[in-house]
Amino acid sequence: MSVVLAKARQALAAGPLLSRIAAAVFGGYALAALTSVAAVALPMSRTEAVFTGLLLSFVIYTLAVIWVFAVRSATRAWAGLVVVAVPLLLAAWTVWKGHGAA
Amino acid sequence: MNASSPTKQSTPRKVPGLRQTMSDLHIWTGLLVGWILYAMFLTGTVSYFRDEISQWMRPELAARSPVPDAAEVAQRVAGTLASLAPASPQWNIGLPDERNNVVSVSWQNPKIPGRRGLETAVLDPASGERLNARETRGGDFFYVFHFQFHYMPVPWGRWLAGFCAMFMLVAIVSGVIVHKKIFADFFTFRWGKGQRAWLDAHNALSVLGLPFHLMITYSGLITLMLLYMPWGSDAAFKTPAERQALTAEMNVRTPPGKPSGEQAELAPVADMVRVAQERWGRDNVGRVAIGNLGDAGARVMVVRGDGGRISVSPQYLMFDGKSGELLQVKDRVGPAAETRGVVFALHLGRFADTTVRWLYFLVSLAGTAMVGTGLVLWTVKRRAKLPDPEHPYFSFRLVERLNIATIAGLPLAMAAFLWGNRLLPASLTGRADWEIHLFFIAWGLTLAFASLRPPRRAWIELLWATAAALALLPLLNMLTTARGLPASLAAGDWVFAGFDLAIWAFAALAAILARRTALHKPRAVRQRARPMAGEPA
């Protein structure tokens, strides 16, 4: 029984790290992708806006990864990503919706 | 993010500080893809001399003469193409420049649609005749390998390269955060002090080229950004026509428009090229692309080359193929598109003159060494703490062997590629592919060798083998071609002479490394390794 508990505790200990890795690789990419879409809402020509988003997205990705490992816990890491994602998502939503209407 | 703040977790473990977590991040991002990064860096570094390598690998093509007049060459080559590819709806003529002594043409085989129907030839700019050189990928092999590898589908290779580049970017930024005394570290060098010397070397190489390393990694991602990050473009553009507005800001499209169905002769191409020369200068016309050939709707695009400007954004003149009238001038793109063009150009360095090209090469080589010393540092640091140095644990052995096969093995494989270029018979079918197979066979053998020999011996022997393979290469060149070092020096043929001399410089470098490794006496296992000053972990 204690062995099972120890194993479970070990798995739990690895949990936050795995969670951070997922936040960095997938969360970071999602944030970067969201940036590239949100940028299309910028008040400039579509082509220019797309380029701006593309150029920014890799910077955002890098900063997101650094953030994820710099903060104190995996929960904070995810929370930080979500906080940035919300406004980006709003902007991206106008892009997706705006295009549907056009 | 106060590193010393007490934690409220149930475990009493102290939360590691920022520099410690960044150090871990740096170590793991660097280690996991370090071997691939080393290969990307080294093959990318030599690609700054891609054209020169290609010239060396086709020794039967005459040494560079003064750059011929683009207008005359284009006209001459159009004449050749009229007999070589009369039925093709399009021709593409890559003109010679200071670093390239041939005309590369491609056309479409009308019977085979799509990319597979694309046929290519190399022509002599002076005669317009087709040149018969040995079949080789030349320097293009290293260039293409450094972002898409080989033996795998192109998108996979490019995604793998992008994945590794992203790791690199994170490793660079976290590495900078780790070093709060970044400039002090740069002036610190503790020679011959084992781990500290490796750390100092790693720091010096990294800080020295830091702006370059950041630029080259970021710009590498930008070169393929639409592949990695298609979402913005997908959201903004729904039809192919809309998307073309985007790609038109990045590349020169093949001449647009539909054929009229009415037959027509092509107006003199030379006149069109001259108009472009007046705008950009005599030697700055990169290529000429012609579409709807033989039709009244023919279009001729005269495209600006990469020299003389730090941007790869498309600039071209479009002419009516029938009347020779100038229809369109594309000489600028939007600011964001131009930013991408400049970032891309900084990565390629094609604007560079010889001096700047060498600087590019050297600092990029420092980047390669940065990755290499980082990989070695991982083992050096852990060797001191091994419980039983005679029998290290599996992951230690794995890293050590991969380090040997990559750092010492890849240069040997690259030498094998060049040896294959001189030794494989010209009549061999699939000769160009066999040069590449030889490269990978040699590389595989170094991995096998590194796995079987004691690590120290493997380092020394592979480095000596690399030194020998490189040192003998100019001799092989002398025996198999008429353009050996004495001849090329006498003729002032600096592509060949420079190549042979650079190869000797690399041979000397490999020999010095081999000797230093051989002379190095690993210290007796120290009592518990102390944490070093200026370095967490």
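Cut-offs applied
- Residues numbered from 1 in each chain as written.
- Chains lettered and ligands numbered in written order.
- Predicted model: local features only at pLDDT ≥ 70, side-chain atom pairs only at ≥ 80, totals over all residues.
- Heavy atoms only, no water.
- Helix = DSSP H or I, 4+ residues; strand = E, 2+ residues; numbered from the N terminus.
- Buried < 20%, exposed > 50% of the residue type's maximum accessible area, 1.4 Å probe, protein only.
- Contact = heavy atoms within 4.5 Å.
- Areas by Shrake-Rupley, 256 points an atom, 1.4 Å probe, with all protein chains shown as cover.
- Pairing = 2+ DSSP bridges.
- Axes fitted to C-alpha atoms, helices over the stretch in contact; angles between N-to-C directions.
- UniProt positions renumbered as here; feature names shortened; annotations may be inferred.
- Salt bridge = Lys/Arg side-chain N within 4 Å of Asp/Glu carboxyl O.
- Buried area = accessible area lost by both parts, 1.4 Å probe.
- Phe/Tyr/Trp six-rings, centres within 6.5 Å; stacked < 30°, edge-to-face > 60°.
- Lys NZ or Arg CZ within 6 Å of the ring centre and 35° of its normal.
- Domains from an automatic or database assignment.
- pLDDT = per-residue confidence, 0-100.
- Parallel < 35°, antiparallel > 145°, perpendicular 65-115°, else oblique.
- Left-handed = near helix turned anticlockwise from the far one by under 90°.
- Nonpolar A, V, L, I, M, F, W, Y, C, P; charged D, E, K, R; others polar.

(A) Up close: the overall build of chain B. A count of helices and strands for chain B gives 19 helices and seven strands. Seen through its principal axes, chain B has C-alpha atoms that stretch 85 × 60 × 40 Å. Within chain B, the proportion of its 537 residues that are buried is 51%. Sequence-distant contacts, at least 24 apart, represent 69% of the contacts inside chain B between residues at least 6 apart. In the form shown here, chain B has an accessible surface area of approximately 25,800 Å², with 62% of it arising from carbon and sulfur atoms.

(B) A look at the sheet that holds strand β4 (residues 285–291) of chain B. Residue and element names in this part refer to chain B. Spatially, the seven strands line up as an open sheet ordered β3-β2-β1-β4-β5-β6-β7, and their pairing is antiparallel. Strands at the two margins of the open sheet, each flanked by one partner only, are β3 (118–123) and β7 (326–330). Averaged over all adjacent pairs, the angle separating strand axes in this sheet is 15°, with direction ignored. Of the strands in this sheet, β1 (91–94), β2 (103–108), β3 and β4 touch helix α3 (residues 70–84), which is tilted by about 140° from β1. Relative to the sheet, helix α12 (residues 269–280) contacts β4, β5 (299–304), β6 (316–320) and β7, its axis offset from that of β6 by approximately 150°.

(C) Just the UniProt feature "transmembrane region" (unreviewed entry) in chain A, in detail. Residues and elements named next belong to chain A. The sites that carry the UniProt feature "transmembrane region" (unreviewed entry) are, in the present numbering, residues 21–43, 49–70 and 77–96. A helix fraction of 78% and a strand fraction of 0% characterise residues 21–43, whose end C-alpha atoms lie 35 Å from each other. Counted over residues 77–96, helix gives 100% and strand 0%. Its end C-alpha atoms are 27 Å apart.

(D) Up close: the UniProt feature "transmembrane region" (unreviewed entry) in chain B. According to UniProt, the "transmembrane region" (unreviewed entry) feature falls on residues 27–49, 159–183, 204–228, 358–380, 401–420, 432–450, 462–482 and 494–514 of chain B. Between the end C-alpha atoms of residues 358–380 of chain B the distance is 32 Å, and the span holds 100% helix and 0% strand.

(E) Spotlight on the pattern of salt bridges. All names here are of chain B. With the rule as written, the count across this model stands at 15 salt bridges over all chains. For Arg99, the salt bridge identified is with Glu52, shortest N-O distance 2.8 Å. With Arg99 in the loop between β1 and β2 and Glu52 in helix α2 (residues 50–56), this residue pair connects regions lying 47 residues apart in the sequence. On the basis of relative accessible area, Arg99 is assigned to the buried category, the value being 16%. For Asp493, the salt bridge is made with Arg483, and the minimal N-O distance between the two is 3.0 Å. Note that Asp493 is positioned in the loop between α18 (485–491) and α19 (494–519) and Arg483 in the loop between α17 (455–480) and α18, a separation of 10 residues in sequence. According to the relative accessible area criterion, Arg483 is buried, its value standing at 13%. By sharing partners, the salt bridges in this structure join Asp51, Glu52 and Arg99 into a single network.

(F) Seen up close, the interface of chain A and chain B. Counting residues at the interface gives 27 residues for chain A, matched by 40 residues for chain B. Carbon and sulfur atoms make up 79% of the surface buried where chain A meets chain B, a total of about 3,000 Å² over both sides. Three residues stand out in chain A for area buried against chain B, namely Phe51, Leu55 and Phe58 of chain A, and they jointly supply 23% of the buried area on that side. Summed over the shared surface of chain A and chain B, the number is zero salt bridges.

(G) Quick peek at the packing of aromatic side chains. Residues and elements named next belong to chain B. Scanning the model with the defined rule gives 29 aromatic pairs over all chains in all. Taken together through their ring pairs, the aromatic side chains of Phe141, Phe142, Phe145, Phe149, Tyr151, Phe417, Phe439, Phe440 and Trp443 make up a single cluster. The ring centre of Tyr143 lies 3.9 Å from the NZ or CZ of Arg50, which sits over that ring. Directly above the aromatic system of Trp56 lies the positively charged group of Arg422, at a separation of 3.7 Å from the ring centroid.

(H) The arrangement of the domain arrangement of chain B in detail. Residues and elements named next belong to chain B. If you check the domain split of chain B, you get domain 1 (22–59 + 141–224 + 348–519) and domain 2 (70–132 + 250–332). Computed over C-alpha atoms only, the centres of domain 1 and domain 2 are separated by 37 Å. Contacts between domain 1 and domain 2 engage 10 residues on the former and seven residues on the latter. At the boundary of domain 1 with domain 2, total buried surface from both sides reaches about 770 Å², with 45% on carbon and sulfur atoms. Considering only the side of domain 1, the residues that lose the most area to domain 2 are Asp51, Gln55 and Phe351, jointly responsible for 58% of the buried surface there. One can count three salt bridges joining domain 1 with domain 2.

(I) Representation of the confidence of the model for chain A within the structure. Across chain A, the average pLDDT comes to 89, with 92% of residues at or above 70. The weakest mean pLDDT in chain A belongs to helix α1 (residues 2–38) of chain A at 86; the strongest belongs to helix α2 (residues 46–70) of chain A at 95.

(J) Representation of the environment of Ala426 of chain B within the structure. All names here are of chain B. When you line up the elements, Ala426 lands in the loop between α15 (394–423) and α16 (431–452). Judged by its relative accessible area of 62%, Ala426 is exposed. Note: C-alpha distance between Ala426 and Ala133 (293 residues apart in sequence) is 8.8 Å.

(K) A look at the packing of α15 of chain B against α16 of chain B. All names here are of chain B. Their axes nearest at 8 Å, the elements α15 and α16 cross at an angle of 150°. When the axis of α15 is compared with that of α16, the two are roughly antiparallel. Considering only the axes of α15 and α16, their crossing is right-handed. Partitioned by chemical class, the residues of the contact of α15 with α16 number 17 nonpolar, six polar and three charged.

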